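# Analysis of the macromolecular model
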Amino acid sequence: MLMHKLPRDFYERDTVLVARELLGKYLVHGEFAGKIVEVEGYLGQQDLASHSSRGITKRTEVMYGPPGYAYVYLIYGMYHCMNVVTEAKGIGSAVLLRAIEPVKNITGRTQGPGLLTKAMHIDIRLNRHDLQSNDFFIAEGPPQLPFVIVEKPRIGIHFAQEWVEKPLRFYIKDNPFISKL
DNA sequence: TGCACGATGAAC
DNA sequence: TTCATCGTGCAC
């Protein structure tokens, strides 16, 4: 299977562009692989829905670091969420991976950020991991048919005031593995 | 040093 | 609609 790893330049671009282009790419962790079918963009310190909105802290400094690294955190004490850091160093932006389509060695459901990480065996130990590595990365998959991208408001960010309705969630239209309608 | 609260998922 | 479960951020 063609597995051309995405270069760091891919991530060092506008977050919305990176988010849209991550759809259809292959997330690889060791023996596990899945096709990314749903993502959300988190734009930086001005984005009230983003963890980076409170500035640089021990937790968010990875978001403000160089692009192409994983930001993995524990949510609700029991699930992990995985993001990829985007844009230049100094900008606290990232793309949350919300759902994948199983490709290799995946058991269990993958529709939702917590289920995705569980199925891919991704946890807090992979926080700050360089996605240019050989054990954990995102790659261009094999050629596939073109698809339509659906834009919707992000999930679970009711507190984010004027950012609540911004269309920063993207998914592959009609894909059966997206997390919600 | 303490405490309220999630970028969730599953059950009721 | 409620609950499980714990690290983070901010108040005190």
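Because the structure is predicted, anything quoted here is derived from the model rather than measured. (Residues numbered from 1 in each chain as written. Chains lettered and ligands numbered in written order. Predicted model: local features only at pLDDT ≥ 70, side-chain atom pairs only at ≥ 80, totals over all residues. Heavy atoms only, no water.)

## Considerations on the protein's contact with DNA strand B
Around DNA strand B there are 21 residues in total, and His-51, Asn-83, Gly-114, Gly-156 and Phe-159 lie nearest to it. Put simply, 49% of the atoms of DNA strand B that lie within 4 Å of the protein are in sugar or phosphate. Within the backbone of Leu-115, an N or O atom sits 3.2 Å from a phosphate oxygen of DNA strand B. Residue assignment for the surface near DNA strand B shows that the elements contributing at least two residues are strand E4 (70–75), strand E5 (79–85), strand E6 (94–104) and helix H3 (113–119). (Near = heavy atom within 4 Å. Polar contact = N/O pair within 3.5 Å; in protein donor to acceptor, adjacent residues only side chain to side chain. Helix = DSSP H or I, 4+ residues; strand = E, 2+ residues; numbered from the N terminus.)

## Brief notes about unusual backbone geometry
For Glu-87, which is not glycine, the phi torsion reads 60° and is therefore positive. Within the fold, Glu-87 resides in the loop between E5 and E6.

## Let's talk about the pattern of salt bridges
Per the counting criterion, the structure on display carries eleven salt bridges. When the shortest N-O distance is used, the salt bridge between Arg-169 and Glu-38 registers 2.8 Å. Here Glu-38 lies in strand E3 (residues 32–42) and Arg-169 lies in strand E9 (residues 169–172), a separation of 131 residues in the sequence. For the pair Arg-169 and Glu-38, a shared accessibility class is recorded, and that class is buried. Several salt bridges converge on common partners, so that one network encompasses Glu-38, Glu-40, Arg-98 and Arg-169. (Salt bridge = Lys/Arg side-chain N within 4 Å of Asp/Glu carboxyl O. Buried < 20%, exposed > 50% of the residue type's maximum accessible area, 1.4 Å probe, protein only.)

## Structural notes on the protein's contact with DNA strand C
Inspection of the region around DNA strand C gives Arg-54, Thr-57, Arg-59, Leu-74, Tyr-76, Gly-77 and Met-78 as its neighbouring residues. Take Thr-57: an N or O atom from its side chain is 2.4 Å from a phosphate oxygen of DNA strand C. Within the backbone of Tyr-76, a nitrogen or oxygen atom sits 2.3 Å from a base oxygen of DNA strand C. Grouping the amino acids of the surface near DNA strand C by side-chain chemistry returns three nonpolar, two polar and two charged. (Nonpolar A, V, L, I, M, F, W, Y, C, P; charged D, E, K, R; others polar.)

## A word on the pairing of E3
Here E3 lies mainly inside the structure; eleven of its eleven residues are buried. As paired strands, strand E2 (residues 26–29) and E3 are joined by four bridges and run antiparallel to one another. Of the residues in E3, the one forming a bridge with Leu-27 is Gly-34. Once E2 ends, the chain turns through two residues before running back antiparallel as E3, passing Gly-30 with a positive phi of about 55°. Where E3 lies against E6, nine bridges are found, and the strand directions are antiparallel. Pairing of Ala-33 across the sheet is with Lys-104, part of E6. Of the pairings in the sheet, the one linking E3 to E9 comprises three bridges and is antiparallel in character. (Pairing = 2+ DSSP bridges.)

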